[in-house]
Amino acid sequence: MWRMPTRTTRPDESRLIDGFGRIATDLRVSLTDRCNLRCTYCMPAEGLDWLPGPQLLTAAELIRLITIAVQRLGVSEIRFTGGEPLLRRDLDEILAATAGLTPRPTLSLTTNGLGLARRAGALRAAGLDRVNVSLDTLDSTRFARLTRRDRMADVLAGLAAARAAGLMPVKVNSVLLRGINDDEAPALLRFCLDNGYQLRFIEQMPLDPQHGWQREGMVTAEEILTRLGTEFALTPVAGARGAAPAERWLVNDGPATVGVIASVTRPFCAACDRTRLTADGALRTCLFATTETDLRGPMRAGANDEELAEVWRTTMWGKAAGHGINTAGFAQPDRPMSAIGG
Ligand code: SAM
Ligand code: SF4
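Quantities reported herein were computed from a predicted structural model and do not represent experimental measurements.

Chemist: Describe the site of ligand 1, naming the residues involved and giving the relevant values.
Modeler: Neighbouring ligand 1 are 18 residues, the closest being Tyr41, Gly83, Glu84, Ser134 and Met205. Between a nitrogen atom of ligand 1 and a side-chain N or O atom of Glu84, the distance comes to 3.1 Å. At 2.6 Å, a side-chain N or O of Ser134 approaches an oxygen atom of ligand 1. When ligand 1 sits alone it has 540 Å² of accessible area, and the protein chains cover 95% of it.

Chemist: Tell me about the sheet that holds strand β11 (residues 257–261), and name the residues and values.
Modeler: Here we have 12 strands laid out as an open sheet, ordered β9-β10-β11-β8-β7-β6-β5-β4-β3-β12-β13-β14, and mixed in their pairing. Only two strands of the sheet have a single neighbouring strand rather than two, namely β9 (234–236) and β14 (293–294). Where strand β12 (residues 274–277) and strand β13 (residues 282–284) come together, two bridges link them in antiparallel fashion. By the bridge assignment, Leu277 is partnered in β13 with Leu283.

Chemist: Go over the environment of Leu308 with me, naming the residues and quoting the values.
Modeler: As for its placement among the helices and strands, Leu308 is situated in helix α9 (residues 305–317). The sequence separation of Leu308 and His211 amounts to 97 residues, and the corresponding C-alpha distance is 33 Å. Setting aside its immediate chain neighbours within four residues, Leu308 contacts Arg64, Leu65, Ile68, Leu295, Pro298, Met299 and Ala303.

Chemist: Break down the site of ligand 2 for me, with residues and values.
Modeler: Around ligand 2, the surrounding shell consists of Cys35, Leu37, Cys39, Cys42, Met43, Gly83 and Asn112. Its residues assigned to classes, the shell around ligand 2 comprises five nonpolar, two polar and no charged.

Chemist: So what about the packing of aromatic side chains? Which residues, and what values?
Modeler: In this description, a pair of aromatic rings is defined by centroid distance and the angle of the planes. Inspection of every chain in the model, using the stated rule, returns two aromatic pairs. Pairing Phe191 with Tyr197 gives two aromatic rings, centres 5.8 Å apart and planes at 55 degrees, and the pair type is tilted. Residue Tyr197 is classed as buried on the basis of its relative accessible area, which comes to 6%. Aromatic pair Phe288 and Phe330: ring centres 5.9 Å apart, planes at 65 degrees, arrangement edge-to-face. Of this pair, Phe288 sits in the loop between β13 and β14 while Phe330 is found in the loop between α9 and α10 (337–340), placing the two residues 42 residues apart along the sequence.

Chemist: Break down the nonpolar core for me, with residues and values.
Modeler: With 95 residues, the main nonpolar core has Phe80 and Trp312 as its most contacted residues. Looking at which element gives the most residues to this core, the answer is helix α1 (residues 59–73), with eight residues. Aside from chain neighbours lying at most four places away, what touches Trp312 is Leu16, Leu27, Leu65, Ala69, Leu73, Thr275, Leu283 and Leu295.

Chemist: Lay out the packing of α1 against helix α2 (residues 91–99) with the relevant residues and their values.
Modeler: It is the contact of α1 with α2, at a shortest axis distance of 10 Å, that shows an interaxial angle of 25 degrees. The orientation of α1 relative to α2 falls into the category roughly parallel. Of the two elements, α1 crosses α2, and the hand of that crossing is right-handed. Contacts from Ala59, Leu62, Ile63 and Ile66 in α1 reach Glu93, Ile94, Ala97 and Thr98 in α2. Of the residues belonging to the contact of α1 with α2, the class tally is six nonpolar, one polar and one charged.

Quick notes on the rules
Residues numbered from 1 in each chain as written. Chains lettered and ligands numbered in written order. Predicted model: local features only at pLDDT ≥ 70, side-chain atom pairs only at ≥ 80, totals over all residues. Heavy atoms only, no water. Near = heavy atom within 4 Å. Polar contact = N/O pair within 3.5 Å; in protein donor to acceptor, adjacent residues only side chain to side chain. Areas by Shrake-Rupley, 256 points an atom, 1.4 Å probe, with all protein chains shown as cover. Pairing = 2+ DSSP bridges. Helix = DSSP H or I, 4+ residues; strand = E, 2+ residues; numbered from the N terminus. Contact = heavy atoms within 4.5 Å. Nonpolar A, V, L, I, M, F, W, Y, C, P; charged D, E, K, R; others polar. Phe/Tyr/Trp six-rings, centres within 6.5 Å; stacked < 30°, edge-to-face > 60°. Buried < 20%, exposed > 50% of the residue type's maximum accessible area, 1.4 Å probe, protein only. Core = buried A, V, L, I, M, F, W, Y, C linked by side-chain atoms within 4.5 Å. Axes fitted to C-alpha atoms, helices over the stretch in contact; angles between N-to-C directions. Parallel < 35°, antiparallel > 145°, perpendicular 65-115°, else oblique. Left-handed = near helix turned anticlockwise from the far one by under 90°.

If you want it as structure tokens, here you go:
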């Protein structure tokens with residue numbers, strides 16, 4: 001049975017250990033807060049101010065901080081996200097520099113897929129290993145309603161191009177919303193099975209800009225599994241899940257699997273191995289952290305690599321035990337998901 005860990009005094013440790021003994025080896029880097037879709041659960045239809053250009057980390061600054069994370073802090077996996085990371089024109093440069101590090105981290109990208117059809121080959125050549133593409137529906141009218149843009153065909157083309165470029169496994173992220181696309185779980189799984197993509201459903205989290213998330217409205221992991229169970233035989237994947245956020249099930253005895261990331265109803269905080277960097281250079285210990293630590297300021301003021309590494313270690317040492325969504329005092333962070341980096 002899981003027990004609440006207790007804080008101890010920070011040990012002499014170069015890696016990103018927190019007060020509960022977890023070690024962060026997975027860095028999520030948000031490359032921009034901008035996006036060319038407007039998913040209702042992530043961004044408002046309009047009126048969200050972009051970060052001003054000078055506040056964004058440059059490619060050189062990003063590469064410096066990623067190098068510190070890999071070479072001084074023991075980070076071994078890097079996922080680029082946003083906003084929409086494909087909107088960064090210097091993405092290939094950032095990827096290539098990151099892939100050139102020793103030890104070489106694993107590189108992945110979470111994207112809405114717009115423009116991926118054109119860029120998948122170059123991203124692969126620059127060093128990208130894998131990709132997650134977000135797709136919540138296979139109905140173009142629903143897609144336009146959900147993302148406020150009529151671009152489903154581009155996403156499908158992007159997925160196919162990622163597979164052709166060898167960005168494997170190609171994963172598909174789907175968020176189900178009640179009354180909008182919650183009847184599509186089996187169809188999404190069939191589509192992914194037919195095309196060789198790995199599907200993962202993500203429970204909707206309270207990170208919407210309207211602060212309108214309601215527990216009762218959320219489609220739970222339990223419901224998703226029940227709906228899938230009407231068409232597929234699901235068997236839990238045996239073996240340790242480690243820090244992976246997705247619980248996985250074999251579909252019809254495998255080898256294909258489906259995953260569910262149940263951050264709300266089955267939190268996995270006790271095994272969390274993540275640290276986050278926002279596009280404007282703030283460290284976050286958690287998606288739901290209500291405080292951040294500025295790295296850009298000290299970096300631009302002349303801090304050396306070891307000083308920046310120490311700021312990072314100290315920040316992670318203060319990571320909370322869990323996100324607290326299920327506690328009475330839970331407060332949603334100020335930044336919406338698009339500005340944190342999902
Ligand atoms: N634009 C890229 C994309 O859509 O994949 C990367 C950034 S997006 C914030 C990353 C992932 O977060 C997407 O799969 C998206 O569906 C998910 N997401 C956004 N808002 C969410 C929310 N409130 N709850 C759960 N997942 C969310
Ligand atoms: Fe953009 Fe991704 Fe957010 Fe949708 S989920 S609005 S694609 S950042």
